Amino acid sequence: MYMLLTALFLLLYFACFSALLRRLCNTGFIKLSYVQVEIAFMARVIAGCVYGWFFLHFYQGDDTWQYHTESLKETTVLKNDPFTFFTQDIFRSGYDTNPFLTIFNSKDSFFKDLQETLLVKMLAIFNVFSRGNYYVNVVLFNTICFWGSFWLYKVAAYYYPFKKRLLYYIIFFFPPLLFWTSGIRKDGLSFVYIS
(Lines give C-alpha, C1' and ligand atoms only; values in the text may rest on other atoms or scores of the structure.)
Protein backbone atom coordinates (compact mmCIF):
# COMPACT_ATOMS: atom_id res chain seq x y z
CA MET A 1 0.00 0.00 0.00
CA TYR A 2 2.87 2.38 0.85
CA MET A 3 4.48 1.83 -2.57
CA LEU A 4 1.16 2.48 -4.32
CA LEU A 5 0.63 5.70 -2.36
CA THR A 6 4.18 6.81 -3.15
CA ALA A 7 3.66 6.13 -6.85
CA LEU A 8 0.37 8.05 -6.85
CA PHE A 9 1.91 11.06 -5.10
CA LEU A 10 4.90 10.96 -7.43
CA LEU A 11 2.71 10.84 -10.54
CA LEU A 12 0.35 13.52 -9.25
CA TYR A 13 3.14 15.97 -8.45
CA PHE A 14 4.97 15.11 -11.66
CA ALA A 15 1.85 15.84 -13.73
CA CYS A 16 1.14 19.12 -11.91
CA PHE A 17 4.68 20.48 -12.03
CA SER A 18 5.39 19.34 -15.58
CA ALA A 19 2.23 21.20 -16.67
CA LEU A 20 3.47 24.28 -14.82
CA LEU A 21 6.92 24.00 -16.40
CA ARG A 22 5.42 23.50 -19.87
CA ARG A 23 3.42 26.68 -19.45
CA LEU A 24 6.30 28.75 -18.06
CA CYS A 25 8.87 27.51 -20.59
CA ASN A 26 6.65 28.43 -23.51
CA THR A 27 6.93 32.18 -23.05
CA GLY A 28 9.50 34.61 -24.32
CA PHE A 29 11.66 34.60 -27.42
CA ILE A 30 13.29 31.21 -26.94
CA LYS A 31 10.80 28.47 -26.23
CA LEU A 32 10.76 24.74 -25.68
CA SER A 33 7.94 22.60 -27.00
CA TYR A 34 5.67 20.79 -24.56
CA VAL A 35 7.26 17.48 -25.49
CA GLN A 36 10.78 18.82 -24.97
CA VAL A 37 9.90 20.14 -21.50
CA GLU A 38 8.12 16.92 -20.57
CA ILE A 39 11.01 14.69 -21.65
CA ALA A 40 13.68 16.88 -20.03
CA PHE A 41 11.76 17.09 -16.74
CA MET A 42 11.03 13.36 -16.79
CA ALA A 43 14.74 12.63 -17.36
CA ARG A 44 15.63 14.80 -14.34
CA VAL A 45 13.09 13.10 -12.08
CA ILE A 46 14.13 9.60 -13.17
CA ALA A 47 17.81 10.47 -12.73
CA GLY A 48 17.09 11.92 -9.28
CA CYS A 49 15.20 8.79 -8.20
CA VAL A 50 17.96 6.53 -9.56
CA TYR A 51 20.52 8.69 -7.77
CA GLY A 52 18.71 8.33 -4.44
CA TRP A 53 18.09 4.61 -4.87
CA PHE A 54 21.69 3.95 -5.95
CA PHE A 55 23.29 5.74 -3.03
CA LEU A 56 20.85 4.24 -0.52
CA HIS A 57 21.38 0.65 -1.66
CA PHE A 58 25.07 0.67 -2.54
CA TYR A 59 26.49 3.25 -0.13
CA GLN A 60 23.95 3.15 2.71
CA GLY A 61 23.05 6.72 1.90
CA ASP A 62 25.23 9.75 1.37
CA ASP A 63 24.67 13.50 1.69
CA THR A 64 21.28 13.28 0.03
CA TRP A 65 19.92 10.81 2.59
CA GLN A 66 21.50 12.73 5.46
CA TYR A 67 19.73 15.88 4.27
CA HIS A 68 16.50 13.91 4.04
CA THR A 69 16.87 12.54 7.58
CA GLU A 70 17.64 16.00 8.96
CA SER A 71 14.70 17.46 7.07
CA LEU A 72 12.31 15.00 8.72
CA LYS A 73 13.41 16.33 12.11
CA GLU A 74 12.99 19.91 10.88
CA THR A 75 9.50 19.11 9.59
CA THR A 76 8.50 18.20 13.14
CA VAL A 77 9.84 21.55 14.31
CA LEU A 78 7.98 23.31 11.49
CA LYS A 79 4.67 21.71 12.45
CA ASN A 80 5.07 22.30 16.20
CA ASP A 81 6.82 25.67 16.33
CA PRO A 82 7.03 27.56 13.01
CA PHE A 83 8.75 30.59 14.57
CA THR A 84 11.62 28.44 15.81
CA PHE A 85 11.80 26.69 12.44
CA PHE A 86 12.27 29.94 10.54
CA THR A 87 14.71 31.51 13.03
CA GLN A 88 16.71 28.57 14.40
CA ASP A 89 20.06 28.04 12.64
CA ILE A 90 19.46 30.95 10.27
CA PHE A 91 19.40 34.07 12.42
CA ARG A 92 21.03 32.55 15.49
CA SER A 93 24.38 30.90 15.00
CA GLY A 94 24.21 28.48 17.95
CA TYR A 95 27.99 28.32 18.21
CA ASP A 96 29.65 28.43 21.62
CA THR A 97 32.26 30.96 20.62
CA ASN A 98 31.82 34.45 19.28
CA PRO A 99 29.95 34.16 15.94
CA PHE A 100 32.15 36.83 14.40
CA LEU A 101 35.22 34.69 15.07
CA THR A 102 33.63 31.57 13.53
CA ILE A 103 32.04 33.30 10.58
CA PHE A 104 34.75 32.30 8.08
CA ASN A 105 36.13 29.14 9.69
CA SER A 106 36.21 25.96 7.63
CA LYS A 107 34.64 24.04 10.52
CA ASP A 108 31.65 25.23 12.56
CA SER A 109 31.25 28.28 10.38
CA PHE A 110 27.91 30.02 10.08
CA PHE A 111 28.30 30.63 6.33
CA LYS A 112 29.62 27.13 5.63
CA ASP A 113 26.71 25.56 7.49
CA LEU A 114 24.15 27.99 6.04
CA GLN A 115 24.04 26.24 2.65
CA GLU A 116 23.18 22.92 4.29
CA THR A 117 20.77 24.57 6.71
CA LEU A 118 18.81 26.23 3.93
CA LEU A 119 18.68 23.00 1.90
CA VAL A 120 17.40 21.05 4.90
CA LYS A 121 14.82 23.76 5.67
CA MET A 122 13.62 23.70 2.06
CA LEU A 123 13.29 19.91 2.20
CA ALA A 124 11.38 20.20 5.49
CA ILE A 125 8.83 22.41 3.74
CA PHE A 126 8.68 19.88 0.89
CA ASN A 127 8.01 17.14 3.47
CA VAL A 128 4.75 18.82 4.40
CA PHE A 129 3.50 18.23 0.84
CA SER A 130 5.23 14.89 0.20
CA ARG A 131 4.47 13.34 3.59
CA GLY A 132 8.21 12.92 4.11
CA ASN A 133 8.77 10.72 1.06
CA TYR A 134 12.23 11.10 -0.45
CA TYR A 135 11.20 10.23 -3.99
CA VAL A 136 8.30 12.67 -4.06
CA ASN A 137 10.73 15.32 -2.79
CA VAL A 138 12.86 14.53 -5.85
CA VAL A 139 10.02 15.79 -8.06
CA LEU A 140 9.66 18.99 -6.02
CA PHE A 141 13.42 19.56 -5.90
CA ASN A 142 13.83 19.03 -9.65
CA THR A 143 11.05 21.48 -10.38
CA ILE A 144 13.46 24.10 -9.03
CA CYS A 145 16.64 22.62 -10.51
CA PHE A 146 15.10 22.31 -13.97
CA TRP A 147 15.43 26.09 -14.29
CA GLY A 148 19.23 25.89 -14.25
CA SER A 149 19.25 23.86 -17.45
CA PHE A 150 16.48 25.93 -18.99
CA TRP A 151 18.20 29.25 -18.38
CA LEU A 152 21.51 27.92 -19.67
CA TYR A 153 19.69 26.66 -22.76
CA LYS A 154 18.07 30.07 -23.32
CA VAL A 155 21.42 31.85 -23.20
CA ALA A 156 23.13 29.32 -25.48
CA ALA A 157 20.21 29.24 -27.94
CA TYR A 158 20.23 33.03 -28.12
CA TYR A 159 23.86 33.05 -29.26
CA TYR A 160 23.62 29.90 -31.42
CA PRO A 161 20.05 29.91 -32.80
CA PHE A 162 20.79 27.35 -35.56
CA LYS A 163 22.04 24.77 -33.07
CA LYS A 164 19.00 24.67 -30.76
CA ARG A 165 18.41 20.93 -31.13
CA LEU A 166 22.03 20.05 -30.37
CA LEU A 167 22.09 22.47 -27.43
CA TYR A 168 18.88 20.93 -26.07
CA TYR A 169 20.42 17.46 -26.01
CA ILE A 170 23.75 18.60 -24.60
CA ILE A 171 22.37 20.84 -21.86
CA PHE A 172 19.44 18.73 -20.68
CA PHE A 173 20.88 15.24 -21.15
CA PHE A 174 24.64 15.47 -20.56
CA PRO A 175 24.96 12.46 -18.19
CA PRO A 176 27.25 13.88 -15.46
CA LEU A 177 25.34 17.15 -15.29
CA LEU A 178 21.97 15.39 -15.30
CA PHE A 179 22.97 12.84 -12.65
CA TRP A 180 24.69 15.13 -10.17
CA THR A 181 22.24 18.01 -10.38
CA SER A 182 19.07 15.90 -10.25
CA GLY A 183 19.85 14.27 -6.91
CA ILE A 184 18.90 16.16 -3.77
CA ARG A 185 22.16 17.92 -3.06
CA LYS A 186 23.59 21.41 -3.12
CA ASP A 187 24.96 20.97 -6.66
CA GLY A 188 21.53 21.32 -8.29
CA LEU A 189 20.78 24.55 -6.47
CA SER A 190 24.25 25.91 -7.24
CA PHE A 191 23.66 25.19 -10.92
CA VAL A 192 20.38 27.12 -10.81
CA TYR A 193 22.05 30.13 -9.19
CA ILE A 194 24.95 30.09 -11.65
CA SER A 195 22.65 29.78 -14.65
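Calculation rules
- Residues numbered from 1 in each chain as written.
- Predicted model: local features only at pLDDT ≥ 70, side-chain atom pairs only at ≥ 80, totals over all residues.
- Heavy atoms only, no water.
- Helix = DSSP H or I, 4+ residues; strand = E, 2+ residues; numbered from the N terminus.
- Buried < 20%, exposed > 50% of the residue type's maximum accessible area, 1.4 Å probe, protein only.
- Contact = heavy atoms within 4.5 Å.
- Axes fitted to C-alpha atoms, helices over the stretch in contact; angles between N-to-C directions.
- Parallel < 35°, antiparallel > 145°, perpendicular 65-115°, else oblique.
- Left-handed = near helix turned anticlockwise from the far one by under 90°.
- Nonpolar A, V, L, I, M, F, W, Y, C, P; charged D, E, K, R; others polar.
- Patch = residues over 30% accessible without salt bridge, like charges linked within 9 Å, V, L, I, M, F, W, Y side chains within 5 Å.
- Areas by Shrake-Rupley, 256 points an atom, 1.4 Å probe, with all protein chains shown as cover.
- Salt bridge = Lys/Arg side-chain N within 4 Å of Asp/Glu carboxyl O.
- pLDDT = per-residue confidence, 0-100.
- Core = buried A, V, L, I, M, F, W, Y, C linked by side-chain atoms within 4.5 Å.
- Phe/Tyr/Trp six-rings, centres within 6.5 Å; stacked < 30°, edge-to-face > 60°.
- Expected span 1.5 Å × (residues − 1).
- Polar contact = N/O pair within 3.5 Å; in protein donor to acceptor, adjacent residues only side chain to side chain.

Examining the overall build of the protein
The secondary structure content of the protein amounts to ten helices and zero strands. Put simply, the protein runs from its N terminus to its C terminus through helices and strands in the order α-α-α-α-α-α-α-α-α-α. Counting every position in the protein, which comprises 195 residues, the buried fraction comes to 45%. Intrachain contacts of the protein at a sequence separation of at least 6 include 68% that bridge at least 24 residues.

Quick look at the packing of helix 7 (residues 134-159) against helix 8 (residues 164-173)
Between helix 7 and helix 8, whose axes approach to 10 Å, the crossing angle comes to 150°. Relative to helix 8, the element helix 7 lies roughly antiparallel. Seen along the crossing, helix 7 lies across helix 8 with a hand that is right-handed. Along its contact with helix 7, which presents Phe-146, Ser-149, Phe-150, Leu-152, Tyr-153, Ala-156 and Ala-157, the element helix 8 presents Lys-164, Leu-167, Tyr-168, Ile-171 and Phe-172. Broken down by class, the residue content of the contact of helix 7 with helix 8 amounts to ten nonpolar, one polar and one charged.

Overview of a nonpolar patch on the surface
A cluster of nonpolar residues, Met-42, Ile-46, Val-50, Trp-53, Phe-54, Phe-58 and Tyr-59, forms a patch on the protein surface that exposes about 690 Å² of accessible area. Among the structural elements, Tyr-59 can be located in helix 2 (residues 34-59).

Overview of unusual backbone geometry
Non-glycine residue Arg-131 carries a positive phi angle of around 60°. On the secondary structure map, Arg-131 appears in the loop between helix 6 (110-130) and helix 7.

Some points on the confidence of the model for the protein
Averaged over all residues, the pLDDT of the protein is 80; the fraction at 70 or higher stands at 83%. Confidence, read as mean pLDDT per element, is least for helix 5 (residues 99-102) in the protein (55) and greatest for helix 8 (92).

What to know about the pattern of salt bridges
One pass over the full model with this rule turns up three salt bridges. One salt bridge connects Glu-70 with Lys-73, and the closest N-O pair in it is separated by 3.2 Å. Taken together, the positions of Glu-70 and Lys-73, both in helix 3 (residues 63-80) and three residues apart, correspond to about one turn of that helix. On the basis of relative accessible area, Lys-73 is assigned to the partly exposed category, the value being 49%. The salt bridge partner of Glu-74 is Lys-121, with a shortest N-O separation of 2.9 Å. With Glu-74 in helix 3 and Lys-121 in helix 6, the pair connects residues that are 47 residues apart, well separated along the chain. Of the two residues, Glu-74 and Lys-121, neither departs from the other in class, the shared state being buried.

Observations concerning the nonpolar core
If you look at the biggest cluster of nonpolar residues, it comprises 41 residues, and the most contacted ones within it are Phe-141, Phe-146, Tyr-153 and Phe-172. Looking at this core, the elements with two or more residues in it are helix 1 (2-24), helix 2, helix 3, helix 6, helix 7, helix 8 and helix 10 (186-194). A per-element tally of this core places helix 7 first, with 14 residues.

Quick look at the packing of aromatic side chains
Under the defined criterion, the tally for this structure stands at 27 aromatic pairs. Relative to Tyr-169, the ring of Tyr-168 lies with its centre 5.3 Å away and its plane at 65°, an arrangement referred to as edge-to-face. Ring geometry for Phe-179 against Trp-180: centres 5.1 Å apart, planes inclined by 80°, an arrangement best described as edge-to-face. Take Phe-179: its relative accessible area is 23%, and that puts it in the partly exposed class.

Examining helix 7
Its 26 residues give helix 7 an end-to-end C-alpha distance of 38 Å, which sits within 8% of 38 Å, the value for a rise of 1.5 Å per residue. Counting buried positions over the 26 residues of helix 7 gives 19, a clear majority of the element. Where helix 7 begins, the side chain of Asn-133 points an oxygen toward the backbone nitrogen of Tyr-135, at a separation of 2.8 Å.

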